[in-house]
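# Fold and contact review
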Amino acid sequence: MDLLDRLKSKARAYPQRIVLPEGEDERVIRAAAQVTAERYARITLLGSAKNIRAAADRTSLQLDGIEILDPLTSSSVNTYAEIYLERRSSRGVTHEEAQETARKPLYFAALSVAAGDADSTVGGARNSTSDTVRAALHSIGLAPEARLVSSFFLMIAPERNRAAFGEKGALLFADCAVVPHPTAQELAEIALATAENARAFLETEPRVALLSFSTKGSALHAHVEKIREALRIAKARQPELAIDGELQADAALVAAIGASKAPGSPVAGRANVLIFPDLNSGNIAYKLVERVGVVEALGPILQGLARPANDLSRGCTSEDIAKVIAITAVQAIARKEIASVSGD
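Read on for an overview of the structure. Each chain has its residues counted from 1, following the order in which its sequence is written. Predicted model: local features are reported for residues with pLDDT of at least 70 only, side-chain atom pairs are reported and counted for 80 or more only, and whole-chain, interface and lining totals are derived from all residues. In computing side-chain properties, one takes all heavy atoms of the structure into account and sets aside hydrogens as well as water.

Scanning the chain from terminus to terminus reveals 13 helices and 11 strands. Compactness check: the chain gives a C-alpha radius of gyration of 20 Å against a globular reference of 20 Å for 344 residues, within 12% of the reference. In terms of its C-alpha atoms, the chain occupies a principal-axis envelope of roughly 65 × 50 × 35 Å. Under the scheme applied here, a residue whose accessible area is under 20% of the maximum for its type counts as buried, over 50% as exposed, and between as partly exposed, the area being computed with a 1.4 Å probe on protein chains only. Per-residue burial over the chain gives 55% buried out of 344 residues. Contacts spanning at least 24 positions in sequence make up 71% of the contacts within the chain whose residues lie at least 6 apart. Here the Shrake-Rupley method, with its probe set to 1.4 Å, supplies the accessible areas, and only the displayed protein chains count as covering residues. With an accessible surface of roughly 15,100 Å², the chain has 51% of that area assigned to carbon and sulfur atoms. Lys and Arg are tallied as positive, Asp and Glu as negative. Neither His nor the chain termini are counted. Charged side chains are reduced to one point each, which is NZ for Lys, CZ for Arg, CG for Asp and CD for Glu. Here the chain carries 40 positive and 42 negative side-chain charges, and the mean point of each set is 2 Å from the other. Starting at the N terminus, helices and strands are each numbered in turn, a helix being any DSSP run of H or I of at least four residues and a strand any DSSP run of E of at least two. Here the globule rule reads 2.2 Å times residues to the power 0.38, and the radius of gyration is calculated from C-alpha atoms. It only takes one pair of heavy atoms within 4.5 Å for two residues to be counted as in contact.

Here it is as structure tokens:
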């Protein structure tokens, strides 16, 4: 059973309710039908029921078992507007503005999660990452232990290369979508959050590489010093975590090169989590690896929110959406398990 099949199996055991705000998009409808047929989540599509049913009819898709809600006519809008007003009134949001915002699909979806009416939301097929993240952050908010929202991509190598890299070909790349110029403190926060998600999704201990154009002092620059400071912060917070830097990408991934450039490193040559120094490098890297290396890139998966809400690339396929829904469902299950242990 490969990684995605394992995630779907875990999600199928405890189906979560997931709201898809772009419910009139044919890719989203197709993904909803697939997920429902495979029974690993309970789906709600947002939009005009007439338009959604017409799109489903055009493509011969079945909507059995899928809930359809129109934010413009839903009776939940008043409740959601009050939640939004409570969170944003200190920023000058008025009652009328809260009502208007709660009717927007991205916000309606996120507010349904905040209200406990849904377990998570997945959007971004038609909306930008900034709009999707803003709706989640303003509606759901940060987790108590989090200091910022960031993201990761789950990268899955083609079968022929799975023995060579990461955890049987799977790696987490972060941050490739949200934080443009992370400070050393923010880079450490991103690394620790991504390491925790590696435990949940890769089902193994994370081996975190803080990437740079330098390996262990091969270059001197303020950018390199930021990576070293991030490493010091992360190690101080989680001394038991296998994390190292600064490492070049080849030293992080290739055993022989890692042994040569960073002998004695607990991570070099066997990293399964790659932390990029900024959004430029992270975003460029994941797209190059995806397109040139023919590696599957699933995400961006948001981390740091009080409840799960995830983004999609606007170039996503219906299959991509279905896979991100599986990841999101596992996130929601993990959050509930943590809350159960902590008594929250």
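This part takes up the sheet that holds strand E3 (residues 67-69). Two strands pair under a simple rule: DSSP has to find at least two bridges between them. Ordered in space as E3-E2-E1-E4-E11, the five strands form an open sheet in which the pairing is parallel. For this open sheet the edge positions go to E3 and strand E11 (309-310), each flanked by a neighbour on one side alone.

Once that is clear, we can look at the sheet that holds strand E6 (residues 170-174). Across the sheet, six strands lie side by side as E8-E7-E9-E6-E5-E10; this open sheet has mixed pairing. Lying at the two open borders of the sheet, with one neighbouring strand each, are strand E8 (242-247) and strand E10 (296-303). Going from strand to strand, the sheet's axes swing by 20° on average, the running direction of each strand aside. In this sheet, E8 lies alongside strand E7 (residues 207-211) in parallel orientation, the contact comprising five bridges. Among the inter-strand pairings, Ala-209 is bridged to a residue of E8, identified as Asp-244. Across the sheet, helix H1 (residues 3-13) touches strand E5 (150-156), E6 and E10, and the angle it forms with E5 is around 120°. Orientation is described by axes fitted as lines to C-alpha atoms, over the contacting stretch for helices, and by angles from 0 to 180 degrees between their N-to-C directions. Contacting E5, E6 and E10, helix H12 (residues 279-292) crosses the sheet at an angle of about 20° to E5.

For any pair of aromatic rings, geometry is given as the distance between the ring centres together with the angle between the planes. Pairing of aromatic rings covers Phe, Tyr and the six-membered ring of Trp, with a centre-to-centre limit of 6.5 Å; geometry is then stacked below 30 degrees between planes, edge-to-face above 60, and tilted otherwise. Summed over all chains, the structure comprises five aromatic pairs. Judged by centre distance (5.0 Å) and plane angle (70°), the ring pair of Tyr-80 and Phe-108 falls under edge-to-face. Here Tyr-80 is found in helix H4 (residues 77-88), whereas its partner Phe-108 is found in helix H6 (residues 105-114), with 28 residues between them in sequence.

Next up on the list: unusual backbone geometry. A cis amide bond links Ala-174 with the next residue in sequence, Asp-175, at an omega value of -15°. Within the fold, Asp-175 resides in the loop between E6 and helix H8 (184-202). Even without a glycine there, the phi angle at Lys-216 is positive, about 50°. A positive phi is found at Val-294, a non-glycine position, where the angle reads about 50°. One can find Val-294 in the loop between H12 and E10. For Val-294, a relative accessible area of 52% gives the class exposed.

A separate point is the layout of surface pockets. Here the largest pocket is characterised by a volume of approximately 1,000 Å³. Lining the largest pocket are 34 residues, with Ala-143, Glu-145, Glu-196, Arg-335 and Ile-338 positioned closest to its centre. Looking at the lining of the largest pocket, the elements with two or more residues in it are H8, E10 and helix H13 (318-342). With nine residues, the single largest contributor to the lining of the largest pocket is H13. Here the residues of the lining of the largest pocket are counted per class, giving 17 nonpolar, seven polar and 10 charged. Of the grid points, spaced at 1 Å and generated over the protein atoms alone, those admitting a 1.4 Å probe that cannot get out make up cavities, while open sets with protein on both sides within 12 Å along at least five of seven lines make up pockets; any residue with an atom within 4 Å of a point is treated as lining. Considering the residues around the second largest pocket, the lining is formed by 21 residues, among which Phe-173, Ala-249, Leu-253, Leu-274 and Val-289 are closest to the centre. Grid points are joined across faces, edges and corners, and a volume is the space filled by probe spheres set on the points. Following the grouping adopted for this structure description, the nonpolar residues are Ala, Val, Leu, Ile, Met, Phe, Trp, Tyr, Cys and Pro, the charged ones are Asp, Glu, Lys and Arg, and the polar ones are all others, Gly among them.

Purely spatial values, then, with no claim about function.
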